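Fold and geometry: a report
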Amino acid sequence: MTGVKLLFAHDTECSLIAAAALVNTAGSDGEGLPDVAALDAFYTVHSYSGRHEHTEAELRAVRALRPRLRRIWHAEVDEIVSIVNALLREHRALPQLITHDAEPYHLHAVPRDAPLATRMAVEAAMAIADVVRGGELRRLRTCDHPDCDNVLVDLSKNRSRRFCEAGCGNRAAVSAYRARKAAARS
């Protein structure tokens, strides 16, 4: 991304996107993490590193995190801070600069051998802390499509993103097009 100015640090943006994607795996479209293989794919797509057990227990722990993270998208700032602080305390987060896998220095707040759900919780909490500190909570949104309850992170320069990654923008555009065509015929 040479020449592209990021709104937040790269690891923060990655963690925000992964947190929203994790929340959305428990959306109205059904279970997005139905089995360990789906968790394995999620782990790979979102470039997690470190310990990954590939077990049902790990899958249950990751699923259990989703409601706490979803609450962040719907809460006021004081409750968000409370959730973030609770996650950091609960998992004994101790931020440290680290580099691995040819990545530049970034923050890890729990060891790489901590359970996956712990790392997901702390990475999300650290990223949300940056959003709060930056006064950018309005970037945490829910999809504007009326039939969707997914969350999103608006990292656009002008804060214009309205739809999630599930194709809702396309559905809205098709609906608007059809409405215009119907109005023109009337």
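About the thresholds
Residues numbered from 1 in each chain as written. Predicted model: local features only at pLDDT ≥ 70, side-chain atom pairs only at ≥ 80, totals over all residues. Heavy atoms only, no water. Phe/Tyr/Trp six-rings, centres within 6.5 Å; stacked < 30°, edge-to-face > 60°. Buried < 20%, exposed > 50% of the residue type's maximum accessible area, 1.4 Å probe, protein only. Axes fitted to C-alpha atoms, helices over the stretch in contact; angles between N-to-C directions. Helix = DSSP H or I, 4+ residues; strand = E, 2+ residues; numbered from the N terminus. Left-handed = near helix turned anticlockwise from the far one by under 90°. Contact = heavy atoms within 4.5 Å. Nonpolar A, V, L, I, M, F, W, Y, C, P; charged D, E, K, R; others polar. Core = buried A, V, L, I, M, F, W, Y, C linked by side-chain atoms within 4.5 Å. Patch = residues over 30% accessible without salt bridge, like charges linked within 9 Å, V, L, I, M, F, W, Y side chains within 5 Å. Areas by Shrake-Rupley, 256 points an atom, 1.4 Å probe, with all protein chains shown as cover. Salt bridge = Lys/Arg side-chain N within 4 Å of Asp/Glu carboxyl O.

1. Let's talk about the packing of aromatic side chains
Within the structure shown, the criterion is met by two aromatic pairs. Here phenylalanine 42 and tyrosine 48 contribute two aromatic rings whose centre-to-centre distance is 6.4 Å and whose plane-to-plane angle is 25 degrees, an arrangement assigned as stacked. One exposure class covers both phenylalanine 42 and tyrosine 48, and it is buried. In this structure an aromatic cluster arises from ring pairing among Phe42, Tyr43 and Tyr48.

2. A look at the packing of helix α1 (residues 10-24) against helix α5 (residues 116-133)
One way to put it is that α1 packs onto α5 with a least axis distance of 8 Å and a crossing angle of 115 degrees. As for how α1 packs across α5, the hand of that crossing is left-handed. Of the residues in α5, those touching α1 at Thr12, Ser15, Leu16, Ala19 and Leu22 are Met120, Glu123, Ala124, Ala127, Ile128, Asp130 and Val131. For the contact of α1 with α5, the per-class residue count stands at eight nonpolar, two polar and two charged.

3. Quick notes on the nonpolar core
One finds Leu69, Trp73 and Met120 to be the most contacted residues of the largest nonpolar core, which totals 42 residues. Those elements that provide at least two residues to this core are α1, α2 (36-45), α3 (56-74), α4 (77-90), α5 and β4 (151-153). The residues contacting leucine 69, other than those within four sequence positions of it, are Ala19, Leu22, Val23, Leu87 and Ala124.

4. Some thoughts on a nonpolar patch on the surface
A cluster of nonpolar side chains, namely Leu97, Tyr105 and Leu107, defines an oily patch on the protein surface of about 370 Å² accessible area. Note on tyrosine 105: relative accessible area 61%, which makes it exposed.

5. Observations concerning the side chain of glutamate 136
If you trace the backbone, glutamate 136 turns up in the loop between α5 and β3 (140-142). Judged by relative accessible area, glutamate 136 falls into the buried class, the value being 11%. Those residues in contact with glutamate 136 that sit more than four places away from it in its chain are Phe8, Val131 and Arg159.

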